[in-house]
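Overview (structure and organization)
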Amino acid sequence: MGSLFEPDERPRLVVHVVDALDAALTETSLLNLIRHLPPERYRHAIVCMHDRFGHQGDVREHGVEVVNLHKRSGSDPLHYVRMFGVLRALRPDLIHTRDGAGLPAQVVAALAGVKLRVHAEDGRRAADARGGVGKRLLRRLLCPLVDHYIAASSDLEEWLVESMGAEPARVSQIASGVDSVQFHPRLGPSAAVGPPGFMHDAAFVVGSVGRMDAAGNHTTLVEAFLRLIASPHPAHQRLRLLLVGDGPERAECQALLHRAGAAARAWLPGARADVPQLLRAMDLFVLPARAEDRSGAILQAMATGLPVVAAAVGGNTELVHPGFTGILVPPMSTELLAAAIADYCRIPDMAARHGARARSQVIARHSMPAMARDVLAVYDALTGGEAPGSLRGGC
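All values derive from a computational prediction rather than experimental measurement.

Moving on, we come to the sheet that holds strand β13 (residues 326-329). Pairing in this open sheet of six strands is parallel, and the strands run β10-β9-β8-β11-β12-β13 from one edge to the other. In the strand order of this sheet, the two ends are held by β10 (266-270) and β13, each with one partner. Strand-to-strand twist in this sheet, taken as the mean axis angle between neighbours without regard to direction, amounts to 20°. Two strands pair when backbone bridges link them, and strand β12 (residues 308-311) and β13 are joined in this way by four bridges, in the parallel orientation. Looking at the pairing, Ala310 lines up with Leu328 of β13. The sheet contacts of helix α12 (residues 295-303) involve β8 (204-209), β11 (284-287) and β12, and relative to β11 the element is tilted by about 170°.

Turning our eyes to something else, we now look at the packing of helix α9 (residues 218-229) against helix α10 (residues 250-259). Axes are the key here: two packed helices are described by the angle between their axes and the distance separating the axes. Running from amino to carboxyl end, α9 crosses α10 at an angle of 15°, the nearest separation of the two axes being 9 Å. When the axis of α9 is compared with that of α10, the two are roughly parallel. In the packing of α9 onto α10, the handedness of the crossing is right-handed. Along its contact with α9, which presents His218, Thr219, Val222, Glu223, Phe225 and Leu226, the element α10 presents Glu252, Cys253, Leu256 and Leu257.

Moving on to the side chain of Lys71. Inspection of the secondary structure assignment puts Lys71 in the loop between β3 (65-68) and α3 (78-90). Buried and unpaired, Lys71 has Asp76 as its nearest opposite-charge partner, separated by 5.9 Å.

Glancing now at the environment of Pro276. Following the sequence through the fold, Pro276 ends up in helix α11 (residues 275-279). By relative accessible area, Pro276 is classed as buried at 8%. When the C-alpha positions of Pro276 and Pro185 are compared, they lie 9.3 Å apart, and in sequence the two are 91 residues distant. Not counting chain neighbours up to four residues away, the residues in contact with Pro276 comprise Gln182 and Phe183.

This part takes up the pattern of salt bridges. The full count for this structure, using the stated rule, is 10 salt bridges. The partner of Asp380 in a salt bridge is Arg41, with the nearest N and O atoms 2.1 Å apart. Of this pair, Asp380 sits in helix α16 (residues 368-383) while Arg41 sits in the loop between α1 (24-36) and β2 (42-48), placing them 339 residues apart in sequence. Residue classification places Asp380 among the buried positions, given a relative accessible area of 18%. Note that Asp76 is salt-bridged to Arg82, the shortest N-O span being 3.0 Å. Judged by its relative accessible area of 4%, Asp76 is buried. Residue classification places Arg82 among the partly exposed positions, given a relative accessible area of 30%.

Procedures and definitions
- Residues numbered from 1 in each chain as written.
- Predicted model: local features only at pLDDT ≥ 70, side-chain atom pairs only at ≥ 80, totals over all residues.
- Heavy atoms only, no water.
- Pairing = 2+ DSSP bridges.
- Helix = DSSP H or I, 4+ residues; strand = E, 2+ residues; numbered from the N terminus.
- Axes fitted to C-alpha atoms, helices over the stretch in contact; angles between N-to-C directions.
- Contact = heavy atoms within 4.5 Å.
- Parallel < 35°, antiparallel > 145°, perpendicular 65-115°, else oblique.
- Left-handed = near helix turned anticlockwise from the far one by under 90°.
- Buried < 20%, exposed > 50% of the residue type's maximum accessible area, 1.4 Å probe, protein only.
- Lys, Arg positive; Asp, Glu negative; His and termini not counted.
- Salt bridge = Lys/Arg side-chain N within 4 Å of Asp/Glu carboxyl O.

What follows is the structure, encoded as structure tokens:
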């Protein structure tokens, strides 16, 4: 670090504040973003609020410092004190927070002297969209602290401007990106995943990836699956269910399957590090989530060459093109969800066509280099895009 009279010649430091590194969606997208940003211009640190680390080794191998605030469940105001101390020690040039959980960090960053502040919205939760008066008020009050917003969809961009009061000039729509090399279609027969007896040559695997909480709505998917395997149609006997992820609804899903005597036809392995491989074991990806903050899972599935059945909420409607790459269904509709799954199970050629188109769409519109280029433009616009060590004017 330079002295008082010598500028710091190192690349500018960006601190990313995340809830945790446990979910493959969060960790993979953030790590891939960091990989695609020029290291000679920006270096990175990650501040995690919770202890669900995920695979820190992959992050640290890229020279990224990871700091955990050890936030306890429920109310834990002291973690903001710890965050203040961490930011004062790191002295970042820019802080990048994400979604509602990270927005209060903008206040802490301002108090800690962080001059440049970016906030990204990947998807607002149902509580923010419906009746969350307190959360909406907090967002509006904190709006002046944010120098620039990043919205993952046009729906979110409109929401930030119209409902949250953000100035249009301070909002950029940047589509989520996915690593289409890591997430690629299977090159041969399906891998024999799961416990003995789960897979067989003719199996049609319906899968989902994500945190199993109320917003994820996995119980509706389980109920649709049970409805299908109870029907007399012979194609439905090929069905298998693979739910990757953990959370409070996982036990309820397992209980539903056990009560129906269908536990052997489903596999719920919990949170996993081998998500790309497990996606390649699927034939259809289903995202029944009621909240629109999980589009990264859709992109990973599309990059893997899978057709997607998703709830018609938020940004999902921009990613899934009905009749071309997948099917959109109303949220919470077990009957229509089952019907959409049945269509793909009964017409395998349609699944293959839609999956191939889905991957082509990802490569054309949702590449990681394109996403990184747009994020880099936001960073450069705020910092002035100067070489490290040059003087920056006042804010």
